Amino acid sequence: AQSVSQHNHHVILSEAASLELGCNYSYGGTVNLFWYVQYPGQHLQLLLKYFSGDPLVKGIKGFEAEFIKSKFSFNLRKPSVQWSDTAEYFCAVNALESGAGSYQLTFGKGTKLSVIP
Amino acid sequence: KAGVTQTPRYLIKTRGQQVTLSCSPISGHRSVSWYQQTPGQGLQFLFEYFSETQRNKGNFPGRFSGRQFSNSRSEMNVSTLELGDSALYLCASRAFGNSPLHFGNGTRLTVT
């Protein structure tokens, strides 16, 4: 079964600082990769996704992520964060569960981002 | 299109009781998944249903069960509630196997 590791539990940044959140996964086969964001009091929303092609993917609100296959990583980046980016960020891997014959989305434990004005 | 709808938003139950949570997926989505979200464990997969059949199941005890109806609506049941079952239960739907999940607002269950 696949697993997802997010390196940082809580990140605190000042506005305009650059952001990089780490995500590593363990799975030997083909994967689809996602970052979700959960703003305070809101539901989980899709930030960006990688299926194939260009390993650098751009999402909403200026976020981007780079898929590095050799490192099993899918790190999230933003050049300049804003106070409104304060939220919890989840990395997720979608892989085919051979036993079930269906795709299962596995999440990391999340990284809380606090942006100080 | 309406999003994923979960009811109720909040529930307070006592140990030993059972509870049923409801989820209506996005129109046209036939796959519904359930997750348990807690501060320490993040999101943990409970199960996935597609066309009324459970396709995948996470590592939860048999007290956690679910079902899906012909209109794709899904219910999740937890019997003999324990304090540790207190969590946010999230329902998500998707159009097909490897497409992104769309989440509801969740049901906050508190067990006292």
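Just so you know, the residues in each chain are numbered from 1, in the order the chain's sequence is written. By the order in which they are written, chains take letters starting at A while ligands take numbers starting at 1. Local features in this predicted model are restricted to residues whose pLDDT is 70 or higher, and side-chain atom pairs enter the listing and the counts only when it is 80 or higher, whereas totals over whole chains, interfaces and linings include all residues. Hydrogens are left out, water is left out, and the side-chain values use all remaining heavy atoms of the structure.

Undergrad: Hey, could you run me through the pattern of salt bridges in this one?
TA: Pairs can form between side chains of opposite charge whenever their charged atoms are close. Take a side-chain nitrogen of Lys or Arg and a carboxyl oxygen of Asp or Glu: if they are within 4 Å of each other, that pair is a salt bridge. All told, the structure shown has ten salt bridges over all chains when counted by the stated rule. Where E64 of chain A meets R77 of chain A, a salt bridge forms, and the shortest distance between an N and an O atom there is 3.5 Å. Placement of E64 of chain A in strand β8 (residues 64-68) and of R77 of chain A in strand β9 (residues 73-78) is noted, with a sequence separation of 13 residues between them. Using a 1.4 Å probe on the protein chains alone, a residue whose accessible area is under 20% of its type maximum counts as buried, one over 50% counts as exposed, and one in between counts as partly exposed. The class for E64 of chain A is buried, based on a relative accessible area of 18%. With a shortest N-O distance of 2.8 Å, R63 of chain B and D85 of chain B are connected by a salt bridge. Within this pair, whereas R63 of chain B is found in the loop between β6 (53-57) and β7 (64-68), its partner D85 of chain B is found in the loop between β8 (74-78) and β9 (87-94), the two being separated by 22 residues in sequence. Of the residues examined, D85 of chain B reaches a relative accessible area of 5% and is grouped as buried. Put simply, DSSP marks the helices as runs of H or I at least four residues long and the strands as runs of E at least two long, and each gets a number from the N terminus on.

Undergrad: I keep staring at the interface of chain B and chain A and nothing clicks. Help me out?
TA: How big an interface is tends to be stated in terms of accessible area lost as the parts join. Across the boundary between the two partners, chain B contributes 21 residues, which contact 20 residues of chain A. Two parts placed together each lose some accessible area; with a 1.4 Å probe, that loss summed over both constitutes the buried area. For the pairing of chain B and chain A, the buried interface totals around 1,700 Å² over both sides, and the portion due to carbon and sulfur atoms is 52%. Contact with chain A buries area across many residues of chain B, yet L43, N98 and F103 of chain B alone supply 29% of it, more than any other trio. Any N or O atom pair separated by 3.5 Å or less is treated as a polar contact, with the protein-specific requirement of one donor-capable and one acceptor-capable atom, and with residues adjacent in sequence counted only for side-chain atom pairs. Our enumeration of links across chain B and chain A arrives at six residue pairs in polar contact (both at pLDDT 80 or more). Only β4 (31-38), β5 (42-50), β6 and β9 of chain B provide two or more residues apiece to the side of chain B that touches chain A. With four residues, β5 of chain B is the single largest residue contributor to the side of chain B that touches chain A. Across the side of chain B that touches chain A, the residue classes break down as eight nonpolar, ten polar and three charged. Should any heavy atoms of two residues lie within 4.5 Å, those residues are counted as being in contact. We call Asp, Glu, Lys and Arg charged. Ala, Val, Leu, Ile, Met, Phe, Trp, Tyr, Cys and Pro are nonpolar, and the rest, Gly among them, are polar.

Undergrad: Teacher, can you tell me more about the layout of surface pockets here?
TA: By rolling a water-sized probe across the atoms, one finds the places where empty space is left. There is about 510 Å³ of room inside the largest pocket. Here a cavity denotes grid points, spaced 1 Å and computed from the protein atoms alone, that fit a 1.4 Å probe unable to get out, and a pocket denotes an open set having protein on both sides within 12 Å along at least 5 of 7 lines; residues with an atom within 4 Å of a point are the lining. As for the largest pocket, its lining consists of 27 residues, and the residues nearest its centre are Q38 and E88 of chain A together with Q37, L88 and R108 of chain B. Contributing elements (two or more residues each) for the lining of the largest pocket: β10 (87-97) and β12 (111-116) of chain A together with β4 and β9 of chain B. Grouping the amino acids of the lining of the largest pocket by side-chain chemistry returns nine nonpolar, 13 polar and five charged. When its volume is computed, the second largest pocket comes out at roughly 320 Å³. Lining the second largest pocket we find 16 residues, and of these T106 and F107 of chain A together with L43, Q44 and F45 of chain B sit closest to its centre. Within the residue set of the lining of the second largest pocket, elements represented by two or more residues are β11 (102-107) of chain A together with β5 of chain B. Here the residues of the lining of the second largest pocket are counted per class, giving seven nonpolar, eight polar and one charged. Grid points are joined across faces, edges and corners, and a volume is the space filled by probe spheres set on the points.

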